[in-house]
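Listed below, chain by chain, are the residues.
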Amino acid sequence: MESPFDVLSVDPDADAEEIQEAYRERIKDAHPDHGGSAREFQLVRAAYEEIKDGGAEEAVDGEGGEERSPGERAAGAGAAGEEGERPARERRCRVEYLNYEVLDDHGWDVDDEELFEVAADGGLDREDYGQFWVRPRESLLEAAERHGFAWPFACRGGACANCAIIILEGEMRTRVDHVLPPEMLEKGFQLSCNGMPVSDELQVLYNVKAMPELEELLLPPRPFEQAHDD
């Protein structure tokens, strides 16, 4: 799968100026008015935000090792796997998300195979549709919050379905789940608070707590903003 650096066609060790210039070029090419598409435009923006978000971080390569930038860490991780492929634990997952609550407003159907293509062209706010990357060992909810979103949750411990999502494409492993029955798991329901992607890409419907089959599995609801600030 393409990394954020691949999306911008820039080297992982590029400096901030090079990354910004690459972003400017790619975002113009990806714009629907210039022959691109809304989904591609969202992807380029998500890639730039992910690189920029990690740009201030530094890590030590082992005990007593030297500090490396996020770009250098990404490049080094790529050499660790077979045939230049990063180990699974070091891979990021690209998530394309859609807010379940907007479906009724637009007359969209969960079972529509082109749902995300239609949503990409639907002029939705970034909170309702878009893309972001999940880092290794990061839950889907943690990644959403890191990107500034207030996705619903309550217990964060796998004991309620307030944070439930539906996976339409891709796979996720849930560390703790004491609430979702097998038949719901088979339909793609998962918990975002403990769910960690195990595939390179995910397509998810979030904020599905209003679905009738989840009604008895919820804790008392709280506003997104209150939950997000806890």
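From a predicted model like this one, the values you see are computed outputs, not experimental measurements.

Here is what the cut-offs are and how they apply
Residues numbered from 1 in each chain as written. Predicted model: local features only at pLDDT ≥ 70, side-chain atom pairs only at ≥ 80, totals over all residues. Heavy atoms only, no water. Helix = DSSP H or I, 4+ residues; strand = E, 2+ residues; numbered from the N terminus. Buried < 20%, exposed > 50% of the residue type's maximum accessible area, 1.4 Å probe, protein only. Contact = heavy atoms within 4.5 Å. Areas by Shrake-Rupley, 256 points an atom, 1.4 Å probe, with all protein chains shown as cover. Pairing = 2+ DSSP bridges. Axes fitted to C-alpha atoms, helices over the stretch in contact; angles between N-to-C directions. Disulfide = S-S within 2.5 Å. Salt bridge = Lys/Arg side-chain N within 4 Å of Asp/Glu carboxyl O.

Undergrad: Account for the overall build of the chain, with residues named and values stated.
TA: A count of helices and strands for the chain gives 9 helices and 9 strands. Considering the chain as a whole, with its 230 residues, one finds that 44% of them fall into the buried category. For the chain, the share of sequence-separated contacts (at least 6 apart) that also reach a separation of at least 24 residues comes to 61%. Of the roughly 12,400 Å² of accessible surface on the chain, a fraction of 42% belongs to carbon and sulfur atoms.

Undergrad: Tell me about the sheet that holds strand β4 (residues 129-134), residues and numbers included.
TA: Note on sheets: strands pair through backbone hydrogen bonds, and any given pair is parallel or antiparallel. The 5 strands are arranged β4-β3-β9-β5-β7 in an open sheet whose pairing can be described as mixed. Two strands bound the open sheet, and with one partner strand each, they are β4 and β7 (189-191). Averaged over all pairs of adjacent strands, the angle between their axes in this sheet comes to 35°, without regard to strand direction. As paired strands, strand β5 (residues 164-169) and β7 are joined by 3 bridges and run antiparallel to one another. Note on β7: the bridge partner recorded for I165 is Q190. Against the sheet, helix α3 (residues 38-54) engages β3 (93-99), β4 and β9 (201-206), with an angle of about 40° to β4.

Undergrad: Summarise the state of the cysteines; cite the residues concerned and give the values.
TA: Throughout the structure, instances matching the rule amount to 0 disulfides. With no disulfide of its own, C193 has C163 as its nearest cysteine by sulfur position, at a separation of 3.6 Å. Note on C193: relative accessible area 7%, which makes it buried.

Undergrad: Give a description of unusual backbone geometry that names residues and reports values.
TA: In this structure, R156 takes a positive phi of about 60° despite not being glycine. Its place among the elements puts R156 in the loop between α7 (140-146) and β5. Here R156 falls in the partly exposed class, since its relative accessible area comes to 35%. For N207, which is not glycine, the phi dihedral falls at a positive 65°. With respect to the secondary-structure elements, N207 resides in the loop between β9 and α9 (224-229). What makes N207 buried here is its relative accessible area of 2%.

Undergrad: Let's hear about the pattern of salt bridges: which residues, and what values?
TA: Applying the stated rule across the entire model yields 14 salt bridges. R146 is the partner of D53 in a salt bridge, and the nearest nitrogen-oxygen pair spans 2.8 Å. With D53 in helix α3 and R146 in helix α7, this residue pair connects regions lying 93 residues apart in the sequence. The class for D53 is partly exposed, based on a relative accessible area of 32%. Residue class for R146 comes out partly exposed when judged on its relative accessible area of 23%. With a shortest N-O distance of 2.9 Å, R146 and E138 are connected by a salt bridge. Overlapping salt bridges, with partners in common, bring together E50, D53, R92, R135, E138 and R146 in one network.

Note that every value here comes from positions in space, so none of it alone points to a role or purpose.
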